[in-house]
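Structure at a glance
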Amino acid sequence: YEDLHAFELQAPTRLIEWARGNRVCVAGYGQSGGNEILQLLPPPTLQVKETQGLCPERDFKVECGGFSNRPVYSLKYVPDTSLLVTSGPPDSSLQVWQVSAEDSDVIKPVGAIATVNGTGQPWAKIATVSARAPWVLHGSRLNSVQITEVESRKNVYMAASSNSEELSGLAFLDGNTLLLCCAKGQLCLADVRQLQSPLEAVSVPSAPCGEQWCMGVGRGPQGSDSSSQPVACLSSGGHLTLTDLRKTSESLASAKCRVPSPSSGAEFLCVSWAPALEGCLAISGFDGTVHVYDTQSWDSSGREAEPIFVHRGHSFGGSDSSGGPPLVTVHTWHPQKPRTLLSAASDGSLHVWDWVQSCGKC
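Below, the structure is looked at part by part. (Residues numbered from 1 in each chain as written. Predicted model: local features only at pLDDT ≥ 70, side-chain atom pairs only at ≥ 80, totals over all residues. Heavy atoms only, no water.)

Our focus in this paragraph is the environment of aspartate 347. Among the structural elements, aspartate 347 can be located in the loop between β28 (340-345) and β29 (349-354). Considered as a pair, aspartate 347 and valine 328 are 19 residues apart in the sequence and their alpha carbons are 8.8 Å apart. There is a polar contact of 2.7 Å between the side chain of aspartate 347 and the side chain of serine 349. (Helix = DSSP H or I, 4+ residues; strand = E, 2+ residues; numbered from the N terminus. Polar contact = N/O pair within 3.5 Å; in protein donor to acceptor, adjacent residues only side chain to side chain.)

What follows is the structure, given as structure tokens:
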């Protein structure tokens, strides 16, 4: 490692979200009430662009926090505001939170957003954008996807679909274009300007049957349109497929990751592209590790890929609340530091790590 920080949370978290000023937001997912939502100030070494040598302060600091009476399974910061949006069981509604001003240390609930025809549906996946106004994209099934203006609670888009496939993720590609991923591996592009156009889901190429899938959307070259953004789809069996949005029926490349298959579902599967390293991505959710891969040499053979780095720090922690070994619940890349990642596990551990560059662009 080039650098490694560890922070112990009071309860397991499955969320890490970057907010204003490089703050980090985390939240608990316990089934009982009193799940914490915290905004953390990272260690000073993560707030500077260049390495400053030894730093006496190496810990996170809690800036403000609140409590949710339901598990928080998804959390997103609303850009250009002081608001957070969360979702979690037992339904598909969203909760809106106000991150307090400097003179207060409270994150307080300020409202809720209901999903149209969302009765009986599982918790909603969410994404946010502020292209025109602060919007939240949310839904738990393909036929319940909608966009709501966060501050006014006005519904600005409803997907036209009769397909009730469960969603595993969704994303804004830009202010008009959406990408949806179904748990069974289908991808779906939508345009908010085409309100009556029905959504058509296309299966991930060579997707093994019976596996659960998630997606990660990367940044395209500067100045390029949304169709050039790379998309990686990860299955519960460890299959990775890279897709071109201009032709989602074909894969650009594929590989098999050297990871154990999840023993109980795929709720913590996570794949994300490095924002400042071309062709690099990270995966987690299989065990107590995070794997980093360089995809630039991949082809369409689907052969086993060798990770360029594996973070095993969570594996050496104590057991989680179920008595089993810790499971990485989520990871995310630092928005500016190329090889710095944050990861959280089911034992409440939060790690920030940066590996030593050995060769190549990664």
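Still to come is the rest of the account.
Below, the discussion takes up the sheet that holds strand β9 (residues 107-113). With antiparallel pairing, four strands are arranged side by side in an open sheet as β6-β7-β8-β9. With partners counted over all chains shown, the strands left at the sheet margins are β6 (74-77) and β9, one partner each. Strand after strand, the sheet turns through a mean of 25° between neighbouring axes, direction not considered. Here six bridges tie strand β8 (residues 94-99) to β9, and the two strands are oriented antiparallel to one another. Bridge pairing in β9 links valine 96 to glycine 111. (Pairing = 2+ DSSP bridges. Axes fitted to C-alpha atoms, helices over the stretch in contact; angles between N-to-C directions.)

With that settled, the discussion passes to the pairing of β8. Of all six residues that make up β8, five are buried, and the element is covered over most of its length. Joining the antiparallel neighbours strand β7 (residues 83-87) and β8 is a turn of six residues. (Buried < 20%, exposed > 50% of the residue type's maximum accessible area, 1.4 Å probe, protein only.)

Here we take up the sheet that holds strand β25 (residues 304-305). Strand order across the open sheet formed by five strands is β18-β19-β20-β21-β25, with mixed pairing between neighbours. Single-partner strands in this sheet number two, and they are β18 (213-217) and β25. Across five bridges, the pairing between strand β20 (residues 239-243) and strand β21 (residues 251-257) is antiparallel. Note on β21: the bridge partner recorded for threonine 241 is serine 254.

Turning to the pattern of salt bridges, a few remarks are in order. One pass over the structure, following the stated rule, counts eleven salt bridges. For the salt bridge of arginine 303 with aspartate 299, the shortest nitrogen-to-oxygen distance reads 3.2 Å. Residue arginine 303 is classed as exposed on the basis of its relative accessible area of 55%. Of the residues examined, aspartate 299 reaches a relative accessible area of 32% and is grouped as partly exposed. (Salt bridge = Lys/Arg side-chain N within 4 Å of Asp/Glu carboxyl O.)

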